[in-house]
Amino acid sequence: ALRHRRPILSERVVGVGAAAFAWLHRPPVQALVLLALALFDFWLFGVHGIAAGLRTVLYRPEMLIAVLGLVVAATVFHEFGHASACRYAGARPGVMGVGVYLVWPAFYCDVTDAYRLDRAGRLRTDLGGVYFNGIFTLLAGGAYFVTGEEALLFAAFLQHVIVLQQLLPLLRFDGYYVLSDLTGVPDILSRIKPIFRSLIRGRRREPAVDQ
């Protein structure tokens, strides 16, 4: 669980931001965003490549610092993705803050109210963060086409790495909550141990397996 939580944005401020970004979750807008992201990814990985961006951040330390700053900004934007998806689905997001997950700092947004939504609403809230990572990728790509700064393409590449990390279901990242809502099994990680123990022949089936 996230420890040492400290709110940095109030529920009111998060609500205002969520309302401002909620239109991005409309199906036609999502379709356009995903199509644009697919085309940009084809160009980035299939045509241009990321080698030039990597060289830029290695040989220009100020660009590395700038990219790290963009990663932090994208992480906050990611949380507004959860908040705005929660708002679009009909629930009310809470405060946004920082905490410690395992050993590293992490941002969070309280979307507990999303649990009263149906499965589609909860999944929209779960995936809102990585969807906003995709939007941030397009913004970084657009900034590259305006400025020609290769470091922006490396920042776009890092967003893909972050999305892959977030979709891992083995830790309490977004993928864990997606898996829980898809299966309808809450707190699925706590049930793995009793499930494996119940597979031992002759051992009584534990209640947690059937709950």
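Remember, it's a predicted structure, so these values are computed and weren't measured experimentally. Just so you know, the residues in each chain are numbered from 1, in the order the chain's sequence is written. The predicted nature of this model means local features are confined to residues of pLDDT at least 70 and side-chain atom pairs, given and counted, to a pLDDT of 80 or more, with totals for whole chains, interfaces and linings taken over all residues. Only heavy atoms go into the side-chain values, all of them from the structure, while hydrogens and water stay out.

Caption draft 1: Structural context of the packing of helix α2 (residues 27–48) against helix α5 (residues 119–147). Inter-axis angles, ranging from 0 to 180 degrees, are taken between N-to-C directions of lines fitted to C-alpha atoms, where helices are fitted over the stretch in contact. Helix numbering and strand numbering both begin at the N terminus, where a helix is a DSSP run of H or I of at least 4 residues and a strand a DSSP run of E of at least 2. Here α2 crosses α5 at 55°, and the two axes come no closer than 10 Å. It follows from the interaxial angle that α2 and α5 lie oblique. Once α2 is placed against α5, the crossing between them reads as left-handed. Residue-level contacts link Val29, Gln30, Val33, Ala36, Leu37, Phe40, Trp43 and His48 of α2 to Tyr131, Gly134, Ile135, Thr137, Leu138, Gly141, Tyr144 and Phe145 of α5. Note on residue categories: nonpolar means Ala, Val, Leu, Ile, Met, Phe, Trp, Tyr, Cys or Pro, charged means Asp, Glu, Lys or Arg, and polar means any other residue, Gly included. Among the residues making up the contact of α2 with α5, the classes are represented as 11 nonpolar, 5 polar and no charged. Should an angle fall under 35 degrees it is called roughly parallel, over 145 degrees roughly antiparallel, and 65 to 115 degrees roughly perpendicular, with every other angle called oblique. For a crossing to be left-handed, the near helix must be turned anticlockwise from the far one by less than a right angle; the clockwise case is right-handed. Contacts: residue pairs with any heavy atoms within 4.5 Å of one another.

Caption draft 2: Structural context of a nonpolar patch on the surface. A residue counts toward a patch only above 30% relative accessible area and without a salt bridge, and it is joined to like-charged neighbours within 9 Å or, for Val, Leu, Ile, Met, Phe, Trp and Tyr, to nonpolar neighbours within 5 Å. For every accessible area listed, the method is Shrake-Rupley and the probe measures 1.4 Å; residues are considered covered only by the protein chains on display. Every case where a carboxyl oxygen of Asp or Glu lies within 4 Å of a side-chain nitrogen of Lys or Arg is listed as a salt bridge. Among the surface-exposed residues, Leu54, Leu58 and Tyr59 lie close enough to one another that they form a single nonpolar patch of about 370 Å² accessible area. With respect to the helices and strands, the residue Leu54 is situated in helix α3 (residues 51–59). The class for Leu54 is partly exposed, based on a relative accessible area of 37%. Here the term buried applies to any residue with accessible area under 20% of the maximum for its type, exposed to any over 50%, and partly exposed to those in between, with areas from a 1.4 Å probe on protein chains only.

Caption draft 3: Layout of the sheet that holds strand β1 (residues 3–9). Strand order in the open sheet formed by 3 strands is β1-β2-β3, with antiparallel pairing between adjacent strands. Looking at strand neighbours, the two that pair on one side only are β1 and β3 (104–109), the edges of this open sheet. Going across the sheet, the axis of each strand differs from the next one's by a mean of 30°, ignoring polarity. Any two strands are treated as partners once DSSP identifies two or more bridges connecting them. Examined bridge by bridge, strand β2 (residues 96–101) and β3 share 6 bridges and lie antiparallel to one another. Bridge pairing links Met96 to Cys109 in β3. Relative to β3, helix α4 (residues 61–89) is tilted by about 35°, and along the sheet it contacts β1, β2 and β3.

Caption draft 4: Spotlight on the packing of aromatic side chains. Side-chain rings of Phe, Tyr and Trp (the six-membered ring for Trp) are treated as a pair once their centres are within 6.5 Å; stacked means planes under 30 degrees apart, edge-to-face means over 60, and tilted covers the remaining angles. Per the stated rule, a full pass over the model turns up 13 aromatic pairs. Aromatic side chains Phe21 and Phe77 sit 5.5 Å apart centroid to centroid with 90° between the ring planes, which places their arrangement in the edge-to-face category. Here Phe21, found in helix α1 (residues 11–21), pairs with Phe77, found in helix α4; they are 56 residues apart in sequence, far enough to count as distant. Residue class for Phe21 comes out partly exposed when judged on its relative accessible area of 26%. Ring plane angle 50° and centroid distance 5.0 Å describe the contact between Trp43 and Phe145, whose orientation is recorded as tilted. Residue Trp43 is found in helix α2, and its partner Phe145 is found in helix α5; the two are separated by 102 residues along the sequence. Exposure remark for Trp43: the relative accessible area of 22% places this residue in the partly exposed category.

Caption draft 5: Structural context of the pattern of salt bridges. In the structure shown here, the tally under the stated rule is 5 salt bridges. Across the pair Glu149 and Arg60 runs a salt bridge, and its minimum N-O distance is 3.6 Å. Separated by 89 residues along the polypeptide, Glu149 in the loop between α5 and α6 (151–166) and Arg60 in the loop between α3 and α4 bring together distant segments of the chain. Classification of Glu149 by relative accessible area gives partly exposed; the value is 22%. For Arg60, a relative accessible area of 34% puts it in the partly exposed group. Put simply, Arg60, Glu62 and Glu149 are held in one network by salt bridges that share partners.

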